[in-house]
Amino acid sequence: MIDLKVLTQAVGDLDEQVILSLINEFVASNPSGEDAQMVVQACQQGMAIVGDLFEKNVYYVGDLIFAGDLLTQAINAIKPVLGGVGSQKVGSIVIGTVQGDLHDIGKNIFSSMAEAAGFEVYDLGIDVSPSAFVEKVKEVKPQIIGMSGVLTLAIDSMKKTVNALNEAGLRDSVKVIIGGNPVNEDACKQIGADSFTTNAAEGLKTCQGWVS
Amino acid sequence: MTDAVAMTNERNQMFSDLFSGKTPKRVPVSNPATQDFAIQYAGLDLAECQWDLTKLEPVYDKFCQDFFTDTYPGGSIRLPSHYQILGSTPIVMSSSGFMQHPDVVGMLAEEYDEFIASPYDCIVETILPRLFTELNGAPGKVAMALAKAMRAQSDDLAYLGTIRAKMNAKYGFATMSAALTEAPFDFMADFLRSFKGISGDVRRHPDKIAAACEAVLPLMIKKGTLPNPSMLGYTFIPLHMAPYLRDKDFLTLYWPTFKKMVETLAGMGQTVQLFVEQDWMRYIDYLYELPENTIMRFEYGDAKVVKEKLGKKHIISGFYPVTLLQTGTKQQCVDKAKELLDILAPGGRYWWQADKSIINLEANGPVVENLRAVLEYVHENGAY
């Protein structure tokens, strides 16, 4: 049987070879769906270590991107043995890079960390119009909306998106978090968001606080 | 007209003094707003004007007249015509009309050895056809696409150059030239391996990144060389990836070839301007090692610490937060300008620029008034 603690630590260490050899060995042993679910959870716990090390400035953004890549590889390898066993989602987030902005690296980092933490993430992609956010919120009724952007024009688009949520009568049904290079406390207030972050791990903690 | 010529001479003298480490007459000022902003300020459509440059002369005239600046506020501009003709994927226009750079892969991880053996051949034969769809096909078609694109670009640049010359003649801006290049590691990340790709490479094959940076260094130096190194101007190097790396990866993969590049350019007698993007405070002692009078425009960080550590050797710029212009009152914006002036101006070696470019103008927002007030404030209070 796979040693889940070793796996968790290997994910925390971003040790690709150890992670993949442990998981390949596990998958080859023809495990049950329940066991596979425990392996997924062990990987998720490893991602929490990665998040902590990022907050302590041991890891940086490049390491988070690599971690997201490793996690995707690991989950894809486990999928065939997961069977129908689904995990309980802790909450749902609609996320996108706002209108006029094509930058998606920060959004993707946050997305993979939120998924690893058990959120259902609906990623609308880049250059997302206020109406596209509104439509998705109507459709999936998430608890949280995450808006991302790198350019200063993103601030204006974020504001327009919050206005559109207000006009659709949806603003009070969701928490709004904004993230990316140009956001700060003043921008957050002006946009009418509930929270802001320039740090994916910190943003995830905010979201976890909202759904706990 | 003579007044404008005199102003140009005076401003050229200010920048000559600044770049050679002498205290200029006053703190030089550059408007951080760009052509994109200017088009919106004139009430015109951003996408349309970038396709039809004939609309731009009155746009620039109003822009230059209404906002104080010592340098022509053209900024670095990505023109859509030649990118479109080439089928560009690394530089594209968004729905807002702003040209930008998505995360693309121009080179696969397994192509490092080919690249290291001959970067130029690999770029021409393998990477360009992947990044630009019209450069991937029969040689005749590729030749036609390339010829059309280069003609379109040269026509566009000539047209913008004419506008620039007219504005310089009318408003007496400093006449500086600029070349653009990237640190080898940033070039590998931004156009060849992508942010995601290089982040994996740092873990999986760091030796190959180091060798690739060494291999591409001569091309990056060539790209950053001015036609005449002694002319008034600078090589602009926007720095990208260092804040996203661990210190040890920065030290072994990013820093060696970047440092060599800046030293080589400075050794040729040119000034180098770094856009120190994101937060470089943990690398400040490395920055100190760069040649005297290297210009460093900072985005984030502690202005006091930077002035103290680098301010006697290098030329400091940036730090002014343009988002404040969007969210603050006029008084708050001016107070911030004063605060930075008080920290950075004493002893010279300070060029007023903002932390980022202003590319967007929200109708009815406070940016126009705030920006104008800040530029005037620094102009009027920056005398030595």
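Residues numbered from 1 in each chain as written. Chains lettered and ligands numbered in written order. Predicted model: local features only at pLDDT ≥ 70, side-chain atom pairs only at ≥ 80, totals over all residues.

Student: Outline the overall build of chain B, supporting the account with residue identities and numerical values.
Tutor: Along chain B, the regular secondary structure elements total 16 helices and eight strands. A compact globule built from 384 residues would reach a C-alpha radius of gyration of about 21 Å, and chain B, at 21 Å, matches this within 12%. By the burial criterion, 45% of the 384 residues in chain B qualify as buried. Across chain B, every contact between residues at least 6 apart in sequence was considered, and the portion connecting residues at least 24 apart equals 72%. (Helix = DSSP H or I, 4+ residues; strand = E, 2+ residues; numbered from the N terminus. Rg over C-alpha atoms; globule rule 2.2 N^0.38 Å. Buried ≥ 20, exposed ≤ 12 C-beta atoms within 10 Å, placed from the backbone. Contact = placed C-beta atoms within 7 Å.)

Student: Kindly report on the packing of helix α4 (residues 61–82) of chain A against helix α5 (residues 105–116) of chain A, identifying the contributing residues and their values.
Tutor: All names here are of chain A. One way to put it is that α4 packs onto α5 with a least axis distance of 9 Å and a crossing angle of 50°. Judged on the interaxial angle alone, α5 and α4 are oblique. Of the two elements, α4 crosses α5, and the hand of that crossing is left-handed. Residues Val61, Leu64, Ile65, Gly68 and Leu71 of α4 touch α5, and the partners they reach there are Asn108, Ile109, Ser112 and Ala116. Considered class by class, the residues forming the contact of α4 with α5 number six nonpolar, three polar and no charged. (Axes fitted to C-alpha atoms, helices over the stretch in contact; angles between N-to-C directions. Parallel < 35°, antiparallel > 145°, perpendicular 65-115°, else oblique. Left-handed = near helix turned anticlockwise from the far one by under 90°. Nonpolar A, V, L, I, M, F, W, Y, C, P; charged D, E, K, R; others polar.)

Student: For unusual backbone geometry, give the residues involved together with the corresponding values.
Tutor: Residues and elements named next belong to chain B. Even without being a glycine, glutamine 278 presents a positive backbone phi close to 65°. With respect to the secondary-structure elements, glutamine 278 resides in strand β5 (residues 271–279). You can call glutamine 278 partly exposed: it has 18 C-beta atoms within 10 Å. Despite not being glycine, phenylalanine 319 shows a phi value in the positive range, around 70°. Structurally, phenylalanine 319 is set in the loop between β7 (315–318) and α14 (322–327).

Student: I'd like a description of the domain arrangement of chain A, backed by residues and values.
Tutor: All names here are of chain A. According to the domain assignment, chain A consists of domain 1 (4–82) and domain 2 (91–211). Taking only C-alpha atoms, the centre of domain 1 and the centre of domain 2 are 26 Å apart. Residue-level contacts link 10 residues of domain 1 with 11 residues of domain 2. For the side of domain 1 that touches domain 2, the secondary-structure elements that each account for two or more residues are α3 (33–55) and α4. Split by residue class, the side of domain 1 that touches domain 2 holds six nonpolar, three polar and one charged. (Domains from an automatic or database assignment.)

Student: Describe the sheet that holds β5 of chain B, naming the residues involved and giving the relevant values.
Tutor: Sheet strands line up and pair through hydrogen bonds in the backbone, either parallel or antiparallel. Residues and elements named next belong to chain B. With respect to topology, six strands assemble into an open sheet ordered β3-β4-β5-β6-β7-β8, the strand pairing being parallel. The two strands at the open ends of the sheet, each matched to only one other strand, are β3 (177–180) and β8 (350–351). Strand direction decides the pairing type here: strand β4 (residues 233–239) and β5, joined by six bridges, are parallel. Bridge pairing in β5 places leucine 239 opposite valine 276. (Pairing = 2+ DSSP bridges.)

Student: Break down the interface of chain B and chain A for me, with residues and values.
Tutor: Contact with chain B, which involves 27 residues of that partner, is made by 26 residues of chain A. For the side of chain B that touches chain A, the secondary structure elements donating two or more residues are α9 (184–204) and α14 of chain B. Per-element tally for the side of chain B that touches chain A: the top contributor is α9 of chain B, with six residues. Here the residues of the side of chain B that touches chain A are counted per class, giving 10 nonpolar, 11 polar and six charged.

Student: Help me get a handle on the sheet that holds strand β2 (residues 119–123) of chain A, residues and values and all.
Tutor: Residue and element names in this part refer to chain A. The strand order across the open sheet formed by five strands is β2-β1-β3-β4-β5, and the pairing between neighbours is parallel. The sheet is open, and its two edges are formed by β2 and β5 (195–197), each paired on a single side. Neighbour-to-neighbour, the strand axes of this sheet turn through a mean angle of 25°, independent of strand direction. Of the strand pairs in this sheet, strand β1 (residues 91–97) and β2 are connected by five bridges, and their pairing is parallel. Within β2, the residue paired with isoleucine 95 across the bridge is aspartate 123. Contacts from helix α9 (residues 200–211) reach β1, β3 (144–148), β4 (175–179) and β5, with the element oriented near 175° to β4.

Student: So, helix α15 (residues 330–344) of chain B: which residues are in play, and what are the values?
Tutor: Over its 15 residues, α15 of chain B extends 21 Å from the first C-alpha to the last, a length consistent with the 21 Å expected when each residue adds 1.5 Å. Packing partners of the buried residues in α15 of chain B comprise α13 (303–310), β7, α14, β8 and α16 (367–381) of chain B. (Expected span 1.5 Å × (residues − 1).)

Student: I'd like a description of the nonpolar core, backed by residues and values.
Tutor: Within the largest apolar cluster, 177 residues are counted, with the highest numbers of intra-cluster contacts made by Ile178 of chain A together with Tyr254 of chain B. Per-domain counts for this core show at least three residues from each of domain 1 (4–82) and domain 2 (91–211) of chain A. Setting aside residues no more than four positions away along its own chain, tyrosine 254 of chain B makes contact with Ala183, Phe185, Met241, Ala242 and Leu245 of chain B. (Core = buried A, V, L, I, M, F, W, Y, C linked by C-beta atoms within 7 Å.)

Student: Mind laying out the pairing of β5 of chain B, listing which residues take part and the relevant values?
Tutor: Put simply, side chains in a regular strand alternate between the two faces of the sheet. All names here are of chain B. In terms of burial, β5 is largely enclosed, as seven of its nine residues are buried. Of the pairings in the sheet, the one linking β5 to strand β6 (residues 295–300) comprises five bridges and is parallel in character. Note that in β6 the partner of glutamine 273 across the bridge is isoleucine 295.

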